[in-house]
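Overview (structure and organization)
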Amino acid sequence: MDLKPPGETTFRYEGLEFALTVTEMPTGAFMPRVRYLSGAAGAEPVPLPEDTDAYASAAEAWRHAEQQAMRWAHDRTGEGQGRF
């Protein structure tokens, strides 16, 4: 049985797993949301800081959610942003 909220996508990167969602705001803009789920030693599931920017399209918000997850992974693996 799938217990994911509607619209949630699992994103895997560098052995880590994240849940990504994009919410359409009443203004018509889109907000990305990212939750870390698993894969990092000693790290508990946690929502990543919410983005302060809204995006004009859902596709742009999805790309930003993926980038936010990748930055979080790099920050915790010592990779920095050198691989972007």
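Preceding block: the structure.
Below: a short report on this structure.

Rules of the game
Starting from 1, residues in each chain are numbered consecutively following that chain's sequence as written. At least 70 in pLDDT is required for a residue's local features to be given in this predicted model, at least 80 for side-chain atom pairs to be given and counted, and no such filter applies to totals for whole chains, interfaces and linings, which use all residues. Side-chain measures were taken over the full set of non-hydrogen atoms in the model, leaving aside hydrogen atoms and water. The secondary structure listing takes helices from DSSP runs of H or I that are at least 4 residues long and strands from runs of E that are at least 2 residues long, numbered from the N terminus. Each residue is assigned to one of three classes by its accessible area relative to the maximum for its type, calculated with a 1.4 Å probe on protein chains only: buried under 20%, partly exposed between the two thresholds, exposed over 50%. Note on contacts: a residue pair is in contact if any heavy atoms of the two residues lie within 4.5 Å. In these tables, accessible area is a Shrake-Rupley quantity obtained with a 1.4 Å probe, and a residue counts as shielded only by the protein chains included in the view. One requirement defines pairing of two strands: DSSP has to find at least two bridges between them. The length a helix should cover is 1.5 Å for every residue beyond the first.

Some words on the overall build of the protein chain
- Looking only at helices and strands, one finds one helix and four strands in the protein chain.
- Here the protein chain, with 84 residues, has 32% of them falling under the buried criterion.
- Taking the intrachain contacts of the protein chain between residues at least 6 apart in sequence as the baseline, contacts between residues at least 24 apart amount to 36%.
- Total accessible area on the protein chain stands at roughly 5,300 Å², and carbon and sulfur atoms take up 51% of it.

A short note on the pairing of strand β3 (residues 30-38)
- Relative to β3, strand β2 (residues 16-24) runs antiparallel, the two being bridged by eight bridges. Looking at the pairing, E24 lines up with F30 of β3.
- In this antiparallel pair of consecutive strands, β2 and β3, the connection spans five residues, and G28 shows a positive phi of 95°.

Considerations on helix α1 (residues 58-77)
- With 20 residues, α1 should cover 28 Å at 1.5 Å per step; its first-to-last C-alpha distance of 29 Å lies within 8% of that length.
- Within α1, burial applies to A61, H64, A65, Q68, A69, M70, W72, A73 and H74.
- On its buried face, α1 sits against β1 (9-13), β2, β3 and β4 (46-47).
- Two residues or fewer past α1, G78 is found with a positive phi of approximately 80°.

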